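# Residue-level structure breakdown
Single-letter residue listing:
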Amino acid sequence: VSVLGGRGLRDAEPFADCNPFVTCGASGGQLAAFQTQVVHNSGEPCWNFEQELPDFVLGDNIDFAVLCAGPAVPGRALAGLAVGGEDNLIGTASAACERFYPHGFAGELTVMGPGTGIRGLLRVRIMPIEDFSPTAEWGPEPQPLGSWSGAASRHEMAWEGGGWAPPMDTPQM
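The helix and strand tally for the protein chain stands at two helices and ten strands. Each helix and strand of the protein chain, ordered N terminal to C terminal, gives the series β-β-β-β-β-β-α-β-β-α-β-β. For the protein chain, buried positions account for 36% of its 173 residues. In the protein chain, of all internal contacts separated by at least 6 residues, the share reaching a separation of at least 24 is 55%. With the model as given, the accessible surface of the protein chain reaches about 10,600 Å², and the carbon-plus-sulfur share is 55%.

Counting residues in each nonpolar core, the largest one holds 29 residues, and the members touching the most others are Val1, Trp47, Ile62, Phe64, Phe100, Leu122 and Ile126. Residue assignment for this core shows that the elements contributing at least two residues are β2 (20-26), β4 (46-50), β5 (62-68), β6 (88-95), α1 (97-100), β7 (105-113) and β8 (117-126). Tallying contributions element by element places β5 first for this core, with four residues. The contact partners of leucine 122, leaving out residues within four places of it in the chain, are Val3, Gly5, Gly6, Val22, Trp47, Phe64, Val66, Gly107, Glu108, Leu109 and Val111.

Turning next to the confidence of the model for the protein chain. The share of residues in the protein chain with pLDDT of 70 or more is 62%, and the mean pLDDT across the chain is 75. Across the protein chain, β4 holds the top mean pLDDT of 97, while strand β9 (residues 158-160) sits lowest at 44. Low pLDDT, under 50, characterises residues 135-167; the predicted model gives this stretch 36 contacts beyond four residues in sequence or across chains.

With respect to the helices and strands, the residue serine 42 is situated in the loop between β3 (34-35) and β4. Judged by its relative accessible area of 15%, serine 42 falls in the buried class. A polar atom in the side chain of serine 42 sits 3.0 Å from the backbone nitrogen of glutamate 44. When near neighbours in sequence (up to four residues on either side) are disregarded, serine 42 contacts Cys18 and Pro20.

Under the definition given, this model contains two aromatic pairs. Aromatic pair phenylalanine 56 and phenylalanine 100: ring centres 5.8 Å apart, planes at 55 degrees, arrangement tilted. Here phenylalanine 56 is found in the loop between β4 and β5, whereas its partner phenylalanine 100 is found in helix α1, with 44 residues between them in sequence. A residue is classified by how much of its surface remains accessible, and phenylalanine 56, at 17% relative accessible area, is buried. Overall, the relative accessible area of 3% leaves phenylalanine 100 in the buried class.

So, about the pattern of salt bridges. For the structure shown, the criterion picks out one salt bridge. For the salt bridge of arginine 7 with glutamate 108, the shortest nitrogen-to-oxygen distance reads 2.7 Å. With arginine 7 in strand β1 (residues 2-7) and glutamate 108 in strand β7, this residue pair connects regions lying 101 residues apart in the sequence.

About the thresholds
Residues numbered from 1 in each chain as written. Predicted model: local features only at pLDDT ≥ 70, side-chain atom pairs only at ≥ 80, totals over all residues. Heavy atoms only, no water. Helix = DSSP H or I, 4+ residues; strand = E, 2+ residues; numbered from the N terminus. Buried < 20%, exposed > 50% of the residue type's maximum accessible area, 1.4 Å probe, protein only. Contact = heavy atoms within 4.5 Å. Areas by Shrake-Rupley, 256 points an atom, 1.4 Å probe, with all protein chains shown as cover. Core = buried A, V, L, I, M, F, W, Y, C linked by side-chain atoms within 4.5 Å. pLDDT = per-residue confidence, 0-100. Polar contact = N/O pair within 3.5 Å; in protein donor to acceptor, adjacent residues only side chain to side chain. Phe/Tyr/Trp six-rings, centres within 6.5 Å; stacked < 30°, edge-to-face > 60°. Salt bridge = Lys/Arg side-chain N within 4 Å of Asp/Glu carboxyl O.

Below, the structure written as structure tokens:
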């Protein structure tokens, strides 16, 4: 997942300095698997931050929260990350699995503020890992049902747990 930048980001306080950063996680995993650095005094931040989501499972959405870093607490700064003061939620965005799997997604997601409507756009790139195999976690590929004859078409067959099979009363040849 790459969090590239944002535009039109507005904090709940219209005249406050906006020091945005983004947290990201899979809907079925940690609430915030990673966090970008803080970009100070910008409603048009450029993060160019990339990280894998270790808890992602096929079918999960990828959720983003855009926050405005609170004032830094002396002695608690950590390489540009938001540490210390109280952070304010600017808004959230989400990418449904169907939007990025299997071909990836590069574009903007609408950042929605809690109860306030659109709060800007978040530019992201989501690329599935090439060696990701859903069957690795889900077990072996389903095997075809045994060979048979007797049913002329699928309309004469019954659905059996993942494949078409002849009805029980179809004679096996």
